[in-house]
Amino acid sequence: MPTPRFLSYRTRWRLSVPYLPPMTCLIVVCLLALTACSGTPMLESRDGYQVDHRYPSTAQSSRVRHLVLHYTDSNARRSLRTLTGPHVSSHYLVTRAAPPTVYQLVDESRRAWHAGASAWGSRSNLNDTSIGIEIVNRGPRDTPHGRTWTPYPAQQIDTLIALARDIIERHDIDPVDVVGHADIAPQRKIDPGPHFPWYRLYRAGIGAWPDADRVAAYQAYFRQHPPTLEQWQRALAAYGYPVRITGTLDRLTRDTLRAFQMHFRPAHYDGLPDAQSAAILWALLEKYRPEALEGIRK
């Protein structure tokens with residue numbers, strides 16, 4: 001009877017491996033480590049097929065072009081119930097608690113239902129191209145002494161700034177495209193309201209704001225030479241607002257001016273043209289949309 005032939009552990013698992021120079025080995029190890037850290041396997045098995053991730057293209061950018069800020073007009077519990085229901089949503093919710101909680105309700109790669117009928121610049125239906133942040137705030141309350149607005153706690157704004165900075169950096173969002181719900185839907189919405197600290201966000205590197213010296217210069221000019229209503233409308237549209245060029249102070253123009261004033265001059269937002277509002281708008285265009293100024297003068 002022949003003697004049984006047994007293979008040792010080393011013999012059974014010996015593989016024929018080609019020689020690789022040390023530097024090549026290091027590169028392979030680094031690539032494997034990066035793949036493991038990314039969380040995406042080189043070959044991903046899906047239902048009925050495999051996807052190879054080894055050749056990512058550099059010809060790509062984020063679909064996100066806008067950051068839209070809202071207030072919830074309710075408390076945190078009710079806001080969560082509304083924003084996780086079947087009709088409306090946002091990507092994030094920032095509470096008023098101390099410290100505030102940031103809830104992510106929709107993945108940034110997905111389309112949240114927060115903007116509704118909306119437009120900014122050349123784009124409409126901004127749900128398709130925006131990230132929405134809802135901020136827990138009760139908004140306005142009408143009292144016997146007039147309308148009052150709920151303040152935004154400092155800690156809540158600190159948290160919002162950290163979140164917004166992160167989003168803007170990852171998606172390379174232009175300062176002019178950081179907007180409020182009222183900016184993109186001025187006939188329907190007034191949030192985040194005149195108490196929202198847009199200038200504080202600007203000082204933190206978020207959003208747009210005019211330079212004070214240019215506002216002063218334009219204001220001195222417009223006191224003597226106010227723009228026509230058509231020029232007002234062209235200037236608002238050039239900045240991004242969804243206004244029609246009619247040459248008349250119609251309802252849409254007044255609502256749009258009110259939204260603009262709540263954003264950039266919250267001390268007085270009656271929706272009527274005045275030299276200071278014109279100066280702010282023209283200073284913003286000079287800073288962020290200089291190519292539009294020549295067309296407005298014609």
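Residues numbered from 1 in each chain as written. Predicted model: local features only at pLDDT ≥ 70, side-chain atom pairs only at ≥ 80, totals over all residues. Heavy atoms only, no water.

A.B. asks: Could you clarify how one ought to interpret empty space enclosed by the protein in this entry?
C.D. replies: To find the voids left in a structure, one rolls a probe of water-molecule size over its atoms. Evaluation of the coordinates by the stated rule reveals two cavities of 30 Å³ or more. In terms of lining, the largest cavity is formed by Gly180, Ala182, Asp183, Ile190, Asp191, Pro192, Gly193, Trp198, Ala259, Met262 and His263. When contributions to the lining of the largest cavity are tallied by element, the ones reaching two or more residues are helix H5 (181–184) and helix H9 (251–264). Looking at the lining of the largest cavity, the element that brings in the most residues is H9, giving three residues. By residue class, the composition of the lining of the largest cavity is six nonpolar, three polar and two charged. Here the second largest cavity defines a volume of roughly 30 Å³. Elements represented by at least two residues in the lining of the second largest cavity include exactly strand E11 (178–180) and H9. In terms of residue class, the lining of the second largest cavity is built from eight nonpolar, one polar and one charged. (1 Å grid on protein atoms, 1.4 Å probe; cavity = no way out; pocket = protein on both sides within 12 Å on 5 of 7 lines; lining within 4 Å. Points joined across faces, edges and corners; volume = space filled by probe spheres on them. Helix = DSSP H or I, 4+ residues; strand = E, 2+ residues; numbered from the N terminus. Nonpolar A, V, L, I, M, F, W, Y, C, P; charged D, E, K, R; others polar.)

A.B. asks: Would you explain the pairing of strand E2 (residues 49–52) in this entry?
C.D. replies: Along a regular strand, successive side chains alternate from one face of the sheet to the other. In this sheet, E2 lies alongside strand E1 (residues 43–46) in antiparallel orientation, the contact comprising four bridges. Bridging across to E2, Arg46 finds its partner in Tyr49. Linking two consecutive strands that pair antiparallel, namely E1 and E2, is a turn of two residues; a positive phi of about 95° is found at Gly48 within it. (Pairing = 2+ DSSP bridges.)

A.B. asks: Even after reading the chapter, I still don't get the environment of Leu43, so can you show me in this structure?
C.D. replies: Note on placement: Leu43 falls in strand E1. For the pair Leu43 and Arg54, spaced eleven residues apart in sequence, the C-alpha to C-alpha distance is 7.9 Å.

A.B. asks: Can you help me understand the layout of surface pockets in this one?
C.D. replies: Volume-wise, the largest pocket comes out at about 390 Å³. In terms of lining residues, the largest pocket is bounded by 22 residues, among which Tyr71, Thr72, Glu134, Lys189 and Asp191 are the most central. Within the residue set of the lining of the largest pocket, elements represented by two or more residues are strand E3 (66–71) and helix H3 (76–83). Among the residues making up the lining of the largest pocket, the classes are represented as seven nonpolar, nine polar and six charged.

A.B. asks: In this structure, what is going on with the environment of Ala279? I would like to understand it.
C.D. replies: Note that Ala279 resides in helix H10 (residues 275–288). Ala279 sits in the buried class, given a relative accessible area of 0%. Sequence separation of Ala279 and Pro226 is 53 residues, and the distance between their C-alpha atoms is 9.7 Å. Discounting residues that sit within four places of it in the chain, Ala279 has contacts with Val215, Tyr218, Gln219 and Phe222. (Buried < 20%, exposed > 50% of the residue type's maximum accessible area, 1.4 Å probe, protein only. Contact = heavy atoms within 4.5 Å.)

A.B. asks: What should I look at first to understand the pairing of strand E10 (residues 146–149) in this one?
C.D. replies: As paired elements, strand E9 (residues 140–143) and E10 share four bridges and run antiparallel to each other. Considered in E10, the bridge of Asp142 is made with Arg147.

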